[in-house]
Amino acid sequence: MSEKTTVYLVRHAQAEGNHKRIFQGFTDAEISEIGEKQLERLAERFREIELDCIYASPLIRTMKTAMAVNRYHDLPIEVDERLKEINGGEWEGQFWSTFPEKYPEINDNWENHPERFQAIGGESMQELYERVSRAVLDIVGRNRGKRIAIVSHGCAIRNMLCFLTYNDIGKLQDVDWCDNTAINLFEFDENLKSRQLLRNC
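Residues numbered from 1 in each chain as written. Predicted model: local features only at pLDDT ≥ 70, side-chain atom pairs only at ≥ 80, totals over all residues. Heavy atoms only, no water.

**Q** Can you walk me through the sheet that holds strand β4 (residues 147–152) in this structure?
**A** What holds strands together in a sheet is hydrogen bonding between their backbones, with the strands either parallel or antiparallel. The sheet built from 6 strands is open, its strands ordered β3-β2-β4-β1-β5-β6 with mixed pairing. The outermost strands of the open sheet, each flanked by one partner alone, are β3 (77–79) and β6 (194–198). Averaged over all adjacent pairs, the angle separating strand axes in this sheet is 25 degrees, with direction ignored. Relative to β4, strand β1 (residues 5–11) runs parallel, the two being bridged by 6 bridges. Of the residues in β4, the one forming a bridge with Y8 is A149. The sheet contacts of helix α6 (residues 125–142) involve β1, β2 (53–56), β4 and β5 (183–188), and relative to β4 the element is tilted by about 155 degrees. Sitting on the sheet, helix α7 (residues 154–166) is in contact with β1, β4, β5 and β6, with an inclination near 145 degrees to β1. (Pairing = 2+ DSSP bridges. Helix = DSSP H or I, 4+ residues; strand = E, 2+ residues; numbered from the N terminus. Axes fitted to C-alpha atoms, helices over the stretch in contact; angles between N-to-C directions. Contact = heavy atoms within 4.5 Å.)

**Q** Explanation requested: helix α5 (residues 104–112) in the structure shown.
**A** Given 3.6 residues per helical turn, the α-helix brings residues three or four places apart onto the same face. Burial in α5 covers these residues: I106, N107, N109 and W110. Relative to the axis of α5, the buried residues are bounded by an arc of 155 degrees and lie together on one face. More than 90 degrees from the buried face of α5, the exposed residues found are P104 and E105. (Buried < 20%, exposed > 50% of the residue type's maximum accessible area, 1.4 Å probe, protein only. Arc of directions from axis to C-beta.)

**Q** Help me understand helix α3 (residues 60–69), please; the structure alone is not making it clear to me.
**A** Counting buried residues along α3, 7 of its 10 residues qualify, which places the element largely inside the surrounding structure. What α3 keeps buried is the set R61, T62, M63, T65, A66, A68 and V69. Residues of α3 that are buried in the fold lie against β1, α2 (33–46), β2, β3 and β4.

Pasting the structure below:
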């Protein structure tokens, strides 16, 4: 029987942008007070979970979350730029509440047709989808048979889930958002075909 590769997709703890309802994307926002409490619980959750490697986006909120995952494992944290959040262009640092009036068509795409979304001066959703899909397959391919934690962001993980579940960005609206510090657990076979064991846990 071939060896399975296990992947824990972990969304970062609540950051200040989440708390204040500000679009943070590439913005390097700090963890909030609630986020700090979430990290304590996440560290305890991973205490008894065996891991062989940890990958994370380089932003503060993901690195601090990866360090919590790693608290009882003492593994090197591999930084991968491809795991970063979507680049929001003009949306970066702005309040979510302003978007319907300032950017009605772009906001409608975000809410109802996310596969078409692209903020002015930012990355398209299609570009993000392709970036994180390649990252996941590459990480799994280089760590066959291992137990991997990947720490990333809300929109990035939503795209990973869409890719792993449907292999079709057109289905992105059918994929729910994950909560801060939620875990999605996947098992990959030798052909890099996946099945999901936990969702937004």
